[in-house]
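Summary of the model geometry
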Amino acid sequence: SSRVALLNELYAKLDRPETIKVWAPTVDHLPVASPIRRHYMGSAWGYQMYEILNASKMTLNHHGDVLPYANNMRLFESTGTGTLLITDWKENLHEMFEPGKEVVTYCNPEECAEQIQYYNTHEAERKTIASAGQARTLRDHTYQHRMQEFLSLLGKYT
């Protein structure tokens, strides 16, 4: 519900709301007049999802309001494909990426809209941050890295 609220606010605030396209399993639960329905592209999984991310100028991420921590796959999927990630600020995000250098953060819908509009018109900066985010993901956030961390934790607690 917080993602839907964010998208609805962004569609109302952006100069060019048509630039935000939504891929999701379904939008059947949304009201017929929802702007999300007008920008709904269908579902995307696997290779198709990565092609879409790679072709995107920016990817918007929202963890929801459940936890104060950055913890979803979209952080790594989008940066790994080389798109600019605009994600909600979380207290541990700096442990994975350097905000402002490797990803862009927002704390509220107004700030998110400002970031989207700014990077729509500042292509060189967008590309620089996207490239740095991709380099960081490929250097520090592969499955090999996660498995090494996992094995280390297993060894520590077993």
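Our subject is the structure that appears above.
As the structure is a computational prediction, the values presented were derived from the model and not from experiment.

**So, the overall build of the chain**
- Looking only at helices and strands, the chain has seven helices and five strands in total.
- The order of helices and strands in the chain, counted from the N terminus, is α-β-α-β-α-β-α-β-β-α-α-α.
- Computed over its C-alpha atoms, the radius of gyration of the chain comes to 16 Å, within 12% of the 15 Å expected for a compact globule of 158 residues.
- In the chain, which comprises 158 residues, the proportion classed as buried is 39%.
- A sequence separation of at least 24 residues applies to 55% of the contacts in the chain between residues at least 6 apart.
- For the chain, the accessible surface area stands at approximately 9,500 Å², while carbon and sulfur atoms represent 56% of it.

**Examining the side chain of Thr87**
- Checked against the element boundaries, Thr87 lands in strand 4 (residues 84–88).
- Here Thr87 falls in the buried class, since its relative accessible area comes to 0%.
- Among residues more than four places away in sequence, those in contact with Thr87 are Asn61, His63, Leu75, Leu93, Val104, Thr105 and Tyr106.

**Focus: helix 3 (residues 46–55)**
- Within helix 3, the full set of buried residues consists of Met49, Ile52 and Leu53. For helix 3, the buried positions fall inside an angular range of 100° around the axis, keeping them on one side. Residues of helix 3 that are exposed and point over 90 degrees away from its buried face: Tyr47 and Ala55.
- Considering only its buried residues, helix 3 is in contact with strand 1 (22–23), strand 3 (58–61) and helix 4 (74–81).

**Let's talk about the pairing of strand 4**
- Most of strand 4 is tucked away: five of the five residues are buried.
- By the alternation rule, side chains of strand 4 split into Leu84, Ile86 and Asp88 and Leu85 and Thr87, which are all buried.
- With four bridges joining them, strand 3 and strand 4 adopt parallel strand pairing. Paired with Thr59 across the two strands is Leu85, which belongs to strand 4.
- With helix 4 bridging strand 3 and the parallel strand 4, this β-α-β connection has right-handed handedness.
- Pairing geometry for strand 4 and strand 5 (residues 104–106), over three bridges, is parallel. Across the sheet, the residue bridging to Ile86 is Val104, located in strand 5.

**A short note on the nonpolar core**
- In this structure, Leu10, Ile20, Ile36, Leu84, Ile86, Cys112 and Ile116 are the most contacted members of the largest nonpolar core, which totals 22 residues.
- Beyond its immediate sequence surroundings of up to four residues, Ile36 is in contact with Val4, Leu7, Asn8, Tyr11, Val22, Val27 and Leu30.
- Core analysis: the next-biggest nonpolar cluster, separate from the first, contains eight residues, Phe76, Leu85, Leu93 and Met96 among them.

**Describing the sheet that holds strand 5**
- Read across the open sheet, the three strands follow the order 3-4-5; overall the sheet is parallel. Looking at strand neighbours, the two that pair on one side only are strand 3 and strand 5, the edges of this open sheet. Each adjacent strand pair in this sheet contributes to an overall mean axis angle of 20°, direction not counted.

**Looking at the environment of Ala24**
- For Ala24, the position within the fold is in the loop between strand 1 and helix 2 (35–38).
- Every residue in contact with Ala24, bar those within four places of it in the chain, is listed here: Tyr40, Gly42 and Ser43.

Rules used throughout
Residues numbered from 1 in each chain as written. Predicted model: local features only at pLDDT ≥ 70, side-chain atom pairs only at ≥ 80, totals over all residues. Heavy atoms only, no water. Helix = DSSP H or I, 4+ residues; strand = E, 2+ residues; numbered from the N terminus. Rg over C-alpha atoms; globule rule 2.2 N^0.38 Å. Buried < 20%, exposed > 50% of the residue type's maximum accessible area, 1.4 Å probe, protein only. Contact = heavy atoms within 4.5 Å. Areas by Shrake-Rupley, 256 points an atom, 1.4 Å probe, with all protein chains shown as cover. Arc of directions from axis to C-beta. Pairing = 2+ DSSP bridges. Right-handed = clockwise from strand over helix to strand, strands pointing away. Core = buried A, V, L, I, M, F, W, Y, C linked by side-chain atoms within 4.5 Å. Axes fitted to C-alpha atoms, helices over the stretch in contact; angles between N-to-C directions.

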